[in-house]
Amino acid sequence: MRVKTLLRLSSATAAAAVVLAGCSSLPSGEVPIVNRNVAEPGAAAPTTTTGVVESRVGGLIDSGRTHTVTVGDTIYNISQRYGVSTSDLMQLNGVVDPTTLRIGQVLHLPRQTKDPVTATAVEGVRVHRFETMAPISTATVVSPAGTHASAEPSITAPVVTAQERAAKTVETVKSEAVSAKESVKSAVETKTEAVQNAVKEAAAAVIPGTRLIWPARGDVLSTFAQNGKGIDIGGAQGSVVVAAGAGQVLFVGDGVTGYGNLVIVKHSPTLVTAYGHNSKVVVKPGDQVKAGQKIAEMGSSAAPRVQLRFEVRDKGKPVDPMKYLPPARN
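Residues numbered from 1 in each chain as written. Predicted model: local features only at pLDDT ≥ 70, side-chain atom pairs only at ≥ 80, totals over all residues. Heavy atoms only, no water.

Moving on to the overall build of the protein chain. From N to C terminus, the protein chain includes 5 helices and 16 strands. Expressed as a percentage of the 330 residues in the protein chain, the buried residues total 33%. Accessible area for the protein chain stands at about 19,500 Å²; split by element, carbon and sulfur atoms hold 58% of it. (Helix = DSSP H or I, 4+ residues; strand = E, 2+ residues; numbered from the N terminus. Buried < 20%, exposed > 50% of the residue type's maximum accessible area, 1.4 Å probe, protein only. Areas by Shrake-Rupley, 256 points an atom, 1.4 Å probe, with all protein chains shown as cover.)

Attention shifts here to the packing of helix H2 (residues 75-82) against helix H3 (residues 86-93). At their nearest, the axes of H2 and H3 sit 9 Å apart, and the two run at 110 degrees to each other. The pairing of H2 with H3 is recorded here as roughly perpendicular in orientation. Considering only the axes of H2 and H3, their crossing is right-handed. Here H2 contributes Ile75, Tyr76, Ile78 and Ser79 to the contact with H3, which in turn contributes Thr86, Leu89 and Met90. Looking at the contact of H2 with H3, its residues break down into 5 nonpolar, 2 polar and no charged. (Axes fitted to C-alpha atoms, helices over the stretch in contact; angles between N-to-C directions. Parallel < 35°, antiparallel > 145°, perpendicular 65-115°, else oblique. Left-handed = near helix turned anticlockwise from the far one by under 90°. Contact = heavy atoms within 4.5 Å. Nonpolar A, V, L, I, M, F, W, Y, C, P; charged D, E, K, R; others polar.)

Membership of the largest hydrophobic core comes to 24 residues, with the highest contact counts inside it found for Val241, Val263, Tyr275, Val289, Ile295, Leu308 and Phe310. If you list the elements that add at least two residues to this core, you get strand S8 (231-234), strand S11 (261-266), strand S12 (271-281), strand S14 (294-298) and strand S15 (307-314). By size, the runner-up hydrophobic cluster in this structure holds 11 residues, among which are Leu89, Met90, Leu101 and Leu109. (Core = buried A, V, L, I, M, F, W, Y, C linked by side-chain atoms within 4.5 Å.)

Counting buried residues in H3 gives 6 out of 8 residues, a clear majority hidden from the surface. Among all positions of H3, only Thr86, Leu89, Met90, Gln91, Leu92 and Asn93 are buried. Just downstream of H3 lies Gly94, where phi reads positive at about 65 degrees.

On to the pairing of S15. Buried residues dominate S15, accounting for 7 of its 8 residues. Pairing geometry for S12 and S15, over 6 bridges, is antiparallel. If you follow Leu271 over to S15, its bridge partner there is Asp314. Here 3 bridges tie S15 to strand S16 (residues 317-319), and the two strands are oriented antiparallel to one another. Looking at S16, one finds that Asp314 is bridged to Lys317. (Pairing = 2+ DSSP bridges.)

Relative to the helices and strands, Val106 is located in strand S4 (residues 106-110). Once the C-alpha coordinates of Val106 and Asn93 are considered, the two residues, 13 residues apart in sequence, prove to be 9.1 Å apart. Apart from residues no more than four positions distant in its own chain, Val106 is found in contact with Thr66, His67, Thr68 and Asn93.

If you walk through the whole model with that rule in mind, you get 1 aromatic pair. For the pair Tyr275 and Phe310, a centre-to-centre distance of 5.4 Å together with 45 degrees between the ring planes defines the contact as tilted. You can see Tyr275 sitting in strand S12 and its partner Phe310 sitting in strand S15, a full 35 residues away along the chain. With respect to burial, Tyr275 and Phe310 carry one shared label: buried. (Phe/Tyr/Trp six-rings, centres within 6.5 Å; stacked < 30°, edge-to-face > 60°.)

Now for the side chain of Asn77. Residue placement: Asn77 occurs in helix H2. For Asn77, a relative accessible area of 1% puts it in the buried group. Engagement of the side chain of Asn77 in a polar contact is seen with the backbone oxygen of Gly72, the distance being 3.3 Å. (Polar contact = N/O pair within 3.5 Å; in protein donor to acceptor, adjacent residues only side chain to side chain.)

Attention now moves to the confidence of the model for the protein chain. Taken residue by residue, the protein chain gives an average pLDDT of 74. The fraction at 70 or more is 58%. Contacts of residues 1-7 to residues separated by more than four positions or lying in other chains number 2 contacts, the stretch itself having pLDDT below 50. Scored below 50 in pLDDT, residues 12-35 shows 49 contacts in the model against residues more than four places distant or in partner chains. (pLDDT = per-residue confidence, 0-100.)

If you walk through the whole model with that rule in mind, you get 6 salt bridges. With its nearest N and O atoms 3.2 Å apart, the salt bridge here joins Glu311 to Arg313. Here Glu311 matches Arg313 in class, with each residue buried. Connected via shared salt-bridge partners are Asp232, Arg309, Glu311 and Arg313. (Salt bridge = Lys/Arg side-chain N within 4 Å of Asp/Glu carboxyl O.)

The next thing to look at is unusual backbone geometry. Phi is positive for His277, which is not a glycine, with a value near 70 degrees. Tracing the sequence through the fold places His277 in strand S12. Classification of His277 by relative accessible area gives buried; the value is 4%. One non-glycine residue, Lys315, adopts positive backbone phi at about 55 degrees. Relative to the elements of secondary structure, Lys315 occurs in the loop between S15 and S16.

Where burial is concerned, most of S11 is hidden: 5 out of the 6 residues are buried. Judged from the 5 bridges that link them, strand S10 (residues 247-253) and S11 form a sheet pairing that is antiparallel. Note that in S11 the partner of Phe251 across the bridge is Ile264. Here S11 runs beside S12; their pairing, made up of 5 bridges, is antiparallel. Each bridged residue has a counterpart across the sheet, and for Lys266 the counterpart in S12 is Val272. Joining the antiparallel neighbours S11 and S12 is a turn of 4 residues.

This is the structure we're talking about:
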């Protein structure tokens with residue numbers, strides 16, 4: 001019983017660090033979120049070490065394999081790529097802030113617990129038309145009648161008519177026009193996509209007092225001023241808990257002391273929301289959620305009564321959720 005307790009405390013400590021660390025190492029400006037869950041076509045294969053013996057580190061099993069961090073890697077997409085648990089990967093490598101991986105950092109991989117996500121090849125390669133030239137006509141030039149054959153031998157030489165030259169010129173112009181049109185179209189599509197992405201990023205920005213919604217209905221039992229972390233919302237067992245804003249589920253688990261069944265949603269590179277004491281969670285890490293989408297049901301896990309602990313963290317620091325919410329509702 002003593003060993004199990006120590007193992008559970010170790011796991012809880014690592015997970016708690018994730019909640020407290022947030023995204024403090026990233027700049028405050030909005031940047032695109034790139035999906036790196038699968039390997040890009042043509043990208044270099046991840047560096048791993050195989051053929052080694054598994055070993056036990058604390059409560060985890062080190063598979064003996066390693067991964068060297070490359071550009072675009074995150075704790076989440078690495079765990080997906082190798083079919084391992086996100087929390088196990090962080091705990092095995094002592095990672096307390098999942099946003100501070102370094103290029104070239106070597107991570108030890110725990111034992112595989114699920115099927116890895118494989119890369120999907122990108123189809124649709126554009127092939128430009130290749131214009132073939134018409135064969136050159138030839139004509140036989142014969143010496144005039146009565147001329148001695150040995151003095152004026154017959155000559156065979158290529159002869160290109162003005163009409164054929166004009167036809168080739170037209171084909172060349174057409175080919176160049178098609179290539180120019182496709183180049184312009186490609187440039188316009190690229191610029192349009194960039195503008196659309198910029199609009200989406202701007203819309204995804206979380207502005208205090210305007211962008212978050214209440215995650216649950218109920219009375220506010222405890223305020224940020226009272227506990228310094230967030231607010232507690234009272235309710236009935238099984239009441240719906242929704243995402244306060246659009247984002248990606250970053251963490252789901254019960255290993256963080258004092259929070260019970262916890263869900264963490266990432267809304268921007270620096271801002272996350274946390275939902276604690278749930279009786280049931282209906283999302284998993286990596287899920288994309290919309291504002292108002294159900295993510296859990298209210299409960300009393302690690303709490304004296306049925307309630308929801310709602311926290312907002314900016315750059316890893318807790319901030320008052322009331323600054324991001326509209327006037328209170330019941």
